[in-house]
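Remarks on the overall topology
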Amino acid sequence: MISIIRGNVVDLPTNLSLSYLWCGGFMISSFLIIQVVSGIILSLMYVANSFLSFECVLDLTMEGLFIWFVRYFHIWGVTFIFLLFLVHMGRALYYSSYSKLGVWNVGFILYLLMMIEAFLGYILPWHQMSYWAATVLTSILNSIPYLGPNIYKFVVGGFSVTNVTLVRVFSAHVCLAFIIIGLSVVHLFYLHKSGSNNPLFISGGYSDIVLFHSYFTVKDGCVLMFLLFVFCFFLLWFPDFVLDVESYIEADPLVTPVSIKPEWYFLAFYAMLRSVESKVGGLILVLLFLLVLWLPSVNSSSAYSVARQWLFWFIVSLFILLSYLGACHPEFPFVYISKVASVFIVLGVSLFKGLWAASYTGGGVSRYILCLVA
């Protein structure tokens, strides 16, 4: 066991050129530990019952300072994890880290599972927005031809979102957390097996190397301390900043909120779903975007192409725009702009993955010459 830890943490040969953008994996793992520990504490006091869950969550907030901290650590931890996830995946796209198939495939599955886990956790407080968000998003399953109604009944546990759904969601939320931890270990295994990518995109992942400890442990530790400071600042000064007003209203199936919207990390996908009049069409558009985003290809790093850098930041701008439009009321011109932006972001990611593939060999030669000169 000691030799395994030393080989993967202490004596791991690591490329010297890795910047602070390569600290994302360690940051996500650290906040994932915070989520698991705080989630276990909250699960011991949570009651999965449609008549008691909302009061139970409010009682947790008023029970004492420690429980208040635990709950808001759990709330803000999700926000920071998805911020780090977006930066981590953005870095992987920019430097073409998806060419490492094992690491990229497991990492993308982790991203999908984290979205499912976050959505399940969002339902548990059983307030107005969580109930209606669950109702709207699960209704998409019901619109799938042929298999849709059976899948919907299996997931929801009946003809609509009820107490049975809440019990299933709580069970799935707890179990999925440990599956995510296991896949994180698999992700780390593939990363250490193939070697980390680097800004120079040098083949094999190694050029000038140092041992992971203490050069990168100190760097990761400094970034973690900074993020925890920012985390505690928002937690103490703006605790309800990421919560909707409807979060303090108990779920009522007879009263629909004026504007139903999910958490901020789902807003871009929600805007895509709303941009198509058909629920199935919106689902196909989101699945198409995720498919194109996942699809591995052989490209050189964006650091060697100005045009590729422009396209990358164009995609990032469209994703931010869709996130803003997802929070807007579904009316003209927001829905029309969402439709245009959705088409452009799918085309943009397709071009980003499909072009510049032929320049890989030539780029490798030029980078080799560049390294020799340096």
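Residues numbered from 1 in each chain as written. Predicted model: local features only at pLDDT ≥ 70, side-chain atom pairs only at ≥ 80, totals over all residues. Heavy atoms only, no water.

1. Some words on the layout of surface pockets
- In this model, the largest pocket occupies a volume close to 1,400 Å³.
- Lining the largest pocket are 49 residues; nearest its centre among them are G25, F26, S29, L188 and L191.
- Elements with a contribution of two residues or more to the lining of the largest pocket: α1 (2–10), β1 (13–15), α2 (24–43), α4 (65–94), α5 (101–123), α8 (163–194) and α9 (212–237).
- No other element matches the eight residues that α8 contributes to the lining of the largest pocket. (1 Å grid on protein atoms, 1.4 Å probe; cavity = no way out; pocket = protein on both sides within 12 Å on 5 of 7 lines; lining within 4 Å. Points joined across faces, edges and corners; volume = space filled by probe spheres on them. Helix = DSSP H or I, 4+ residues; strand = E, 2+ residues; numbered from the N terminus.)

2. A few points about the packing of helix α3 (residues 53–63) against α4
- At a minimum axis separation of 6 Å, α3 and α4 run at an interaxial angle of 125°. Classed by the angle they form, the pair α3 and α4 counts as oblique. Of the residues in α4, those touching α3 at V57, L60, T61 and E63 are I67, W68, R71 and Y72.
- Among the residues making up the contact of α3 with α4, the classes are represented as five nonpolar, one polar and two charged. (Axes fitted to C-alpha atoms, helices over the stretch in contact; angles between N-to-C directions. Parallel < 35°, antiparallel > 145°, perpendicular 65-115°, else oblique. Contact = heavy atoms within 4.5 Å. Nonpolar A, V, L, I, M, F, W, Y, C, P; charged D, E, K, R; others polar.)

3. A closer look at the nonpolar core
- In this structure, F82, F289 and I345 are the most contacted members of the largest nonpolar core, which totals 90 residues.
- Domain assignment of the residues forming this core places at least three in each of domain 1 (9–196 + 208–250) and domain 2 (261–355).
- Setting aside residues no more than four positions away along its own chain, F289 makes contact with F269, M272, I345, V346 and V349. (Core = buried A, V, L, I, M, F, W, Y, C linked by side-chain atoms within 4.5 Å. Buried < 20%, exposed > 50% of the residue type's maximum accessible area, 1.4 Å probe, protein only. Domains from an automatic or database assignment.)

4. What to know about the domain arrangement of the protein
- One can read the domain layout of the protein as domain 1 (9–196 + 208–250) and domain 2 (261–355).
- Spacing between the C-alpha centres of domain 1 and domain 2 amounts to 21 Å.
- Between domain 1 and domain 2, the residue contacts involve 32 residues of the former and 27 residues of the latter.
- In this assembly, domain 1 packs against domain 2 so that about 2,700 Å² is buried in total across both faces, 73% of it on carbon and sulfur atoms.
- Summed over the three residues of domain 1 that lose the most area to domain 2, namely Y94, Y98 and I140, the buried surface amounts to 24% of that side. (Buried area = accessible area lost by both parts, 1.4 Å probe.)

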